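# Report on the structure
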Amino acid sequence: MNQQSTGEQILKLFHDHAGEYLSGERISRDLGISRTAVWKRIEQMRSLGYRIDAVPSRGYRLASTPDILLPEEIRNGLDIRRIGREIIFFSSTDSTNNRAHELALKGASEGTVVLADAQTAGKGRLGRRWESPPGVNLYASVVLRPAIPPHHASQLTFLSAAAVARSVAQCSGLPPSVKWPNDVLLRGRKVAGLLNEIDAETERIHYLILGIGVNLNMQPDQFPPDLRYPATSLAMETGNKMERLPFVRALLENLDRLYELYLQRGFAEVLPAWQEFFEMAGREVEVDCQEYRLRGRVSGLDDNGALLLKMGDGTERRVLSGDVRLLE
């Protein structure tokens, strides 16, 4: 039994008996470890920021928890069916998407979630870097195995953006918006980005990775100076520190519910959840498609989520990918 699993089991005992004192003897008996091992693990938990009271002849009681994204803490009170049944946490990794790919190739079950406190090489769209300092934000990747054709994979981008936007609204009380196809904004500034990657054959998806980065407690001096798009965080917008654990639970629950809806009733039932936060309809934009640029007025989205642009000559263009910039 490794220390991490022992710590998670002790946390589960504390959560199952919230507010109660648990004797070292009972913990030792329930987990099949020595009293000395219990004491050592309690001390290690205290060093992480857990406040654990100890009273002679009564035992230990969990008094408060730090803002650490440990799986057992996230599972406490989590209401999901699929996404979040398996949660894997790294204190630091290069990219949660990389770890999720490795796990998926080894057969990780659908709904497996990979979290990190920090990333050394966080991924953004088009090969850009996602700044990922420790202890402040959410960096997550989710393994999915939907039975859909590969050309429908982009639909999951809208699903994850809608789940993030809902979670931002629930946890901050502020009204977010979505920028087609995969950014979440607060007051016009980017607060979250999504990077979805797939492993597929011509006719079927082996697995899909939902990569999600949300700026929860970033401060202005933590953002790089060469950002392509103005950025912010929930803490900057609300003026208050955002607790990460409640946000993670809200996000996993929103992802889980929208994904169940998608599997049962299709994209047509999920797209309206994204459109609730879409504020670009009717506005003039420029779209950078890398090899060329388009300028037009957003007339909406088609049934697959492609952006529809009304051009100056009256024609309508269907855009599948690109960076959108508001012109008015």
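Scoring rules and cut-offs
- Residues numbered from 1 in each chain as written.
- Predicted model: local features only at pLDDT ≥ 70, side-chain atom pairs only at ≥ 80, totals over all residues.
- Heavy atoms only, no water.
- Salt bridge = Lys/Arg side-chain N within 4 Å of Asp/Glu carboxyl O.
- Helix = DSSP H or I, 4+ residues; strand = E, 2+ residues; numbered from the N terminus.
- Phe/Tyr/Trp six-rings, centres within 6.5 Å; stacked < 30°, edge-to-face > 60°.
- Buried < 20%, exposed > 50% of the residue type's maximum accessible area, 1.4 Å probe, protein only.
- Arc of directions from axis to C-beta.
- Contact = heavy atoms within 4.5 Å.
- Pairing = 2+ DSSP bridges.
- Axes fitted to C-alpha atoms, helices over the stretch in contact; angles between N-to-C directions.
- Core = buried A, V, L, I, M, F, W, Y, C linked by side-chain atoms within 4.5 Å.
- Polar contact = N/O pair within 3.5 Å; in protein donor to acceptor, adjacent residues only side chain to side chain.
- Parallel < 35°, antiparallel > 145°, perpendicular 65-115°, else oblique.
- Left-handed = near helix turned anticlockwise from the far one by under 90°.
- Nonpolar A, V, L, I, M, F, W, Y, C, P; charged D, E, K, R; others polar.

Attention now goes to the pattern of salt bridges. By the definition in use, this model includes 26 salt bridges. Here Arg 26 and Asp 30 are joined by a salt bridge, their closest N and O atoms 3.4 Å apart. Note that Arg 26 and Asp 30 are positioned in helix H2 (residues 24-31) at a spacing of four residues, about one turn of the helix. For Arg 295, the salt bridge is made with Glu 284, and the minimal N-O distance between the two is 2.9 Å. Here Arg 295 is found in strand S11 (residues 293-301), whereas its partner Glu 284 is found in strand S10 (residues 284-288), with 11 residues between them in sequence. Look at the salt bridges and you will find they share partners, linking Arg 81, Arg 82, Glu 110 and Glu 260 into a network.

Tallied over the entire structure, the rule returns four aromatic pairs. Linked through ring pairs, Phe 158, Phe 267, Trp 274 and Phe 278 together constitute an aromatic cluster.

The next subject is helix H9 (residues 267-275). Among all positions in H9, only Phe 267, Val 270, Leu 271, Ala 273 and Trp 274 are buried. Here the buried residues of H9 occupy an arc of 155° about the axis, which is enough to place them on one side. Lining the buried residues of H9 we find helix H6 (155-172), strand S6 (177-179), helix H8 (244-265) and S11.

Pairing is antiparallel across the open sheet formed by five strands, whose spatial order is S13-S12-S11-S10-S14. At either margin of the open sheet sits one strand with a lone partner, and together these are strand S13 (316-319) and strand S14 (323-326). The mean angle between the axes of side-by-side strands here comes to 45°, regardless of whether they run parallel or antiparallel. Alignment of S10 against S14, held across four bridges, turns out to be antiparallel. Its bridge partner lying in S14, Val 285 is registered against Leu 326.

For the rest of this paragraph, the subject is the nonpolar core. Membership of the largest hydrophobic core comes to 84 residues, with the highest contact counts inside it found for Leu 115, Leu 138 and Trp 274. Leave out the neighbours within four places in its chain, and Leu 138 touches Leu 69, Leu 115, Ile 212, Gly 213, Val 214, Leu 216, Phe 247, Val 248 and Leu 251. Grouped together as the second largest cluster of nonpolar side chains are six residues, Ala 100, Val 143, Tyr 207 and Ile 209 included.

This part covers unusual backbone geometry. The omega angle of the peptide bond from Trp 180 to Pro 181 is 0°, so this bond is cis rather than trans. With respect to the secondary-structure elements, Pro 181 resides in the loop between S6 and strand S7 (183-186). Residues other than glycine seldom take positive phi values, yet Arg 187 does so here, at roughly 50°.

Looking at the element boundaries, Asp 117 is found in the loop between strand S4 (113-116) and strand S5 (138-144). Side-chain polar atoms of Asp 117 contact the backbone nitrogen of Gly 135, separated by 3.2 Å. Look past the residues within four positions of Asp 117 in its chain and what remains in contact with it is Phe 89, Phe 90, Ser 91, Pro 133, Pro 134, Gly 135, Tyr 139 and Arg 244.

Now for the packing of H6 against H8. For the pair H6 and H8, the least separation of the axes is 8 Å and the interaxial angle reads 140°. For the element pair H6 / H8, the angle class is oblique. Viewed along their axes, H6 and H8 form a crossing whose handedness is right-handed. Residues Gln 155, Leu 156, Leu 159, Ser 160, Ala 162, Ala 163, Val 164, Arg 166, Ser 167, Val 168, Gln 170 and Cys 171 of H6 form the contact with H8, whose own contacting residues are Pro 246, Phe 247, Ala 250, Leu 251, Asn 254, Leu 255, Leu 258, Tyr 259 and Tyr 262. Here the contact of H6 with H8 is built from residues that sort into 15 nonpolar, five polar and one charged.

Glancing now at the sheet that holds strand S9 (residues 205-214). The seven strands lie next to each other as S3-S4-S5-S9-S8-S7-S6, forming an open sheet whose pairing is mixed. Each edge of the open sheet carries a strand with a single partner, namely strand S3 (87-90) and S6. Geometrically, the sheet is characterised by an average inter-axis angle of 20° between neighbouring strands, direction not taken into account. The pairing of strand S8 (residues 189-200) with S9 spans nine bridges and is classified as antiparallel. Within S9, the position partnered with Ile 198 by the bridge is Leu 208. Across the face of the sheet, helix H5 (residues 96-105) comes into contact with S3, S4, S5, S8 and S9 while running at roughly 155° to S9. This element, H8, spans S3, S4, S5 and S9 of the sheet and lies at about 25° to S5.

Functional significance is not addressed by these values, which are geometric in nature.
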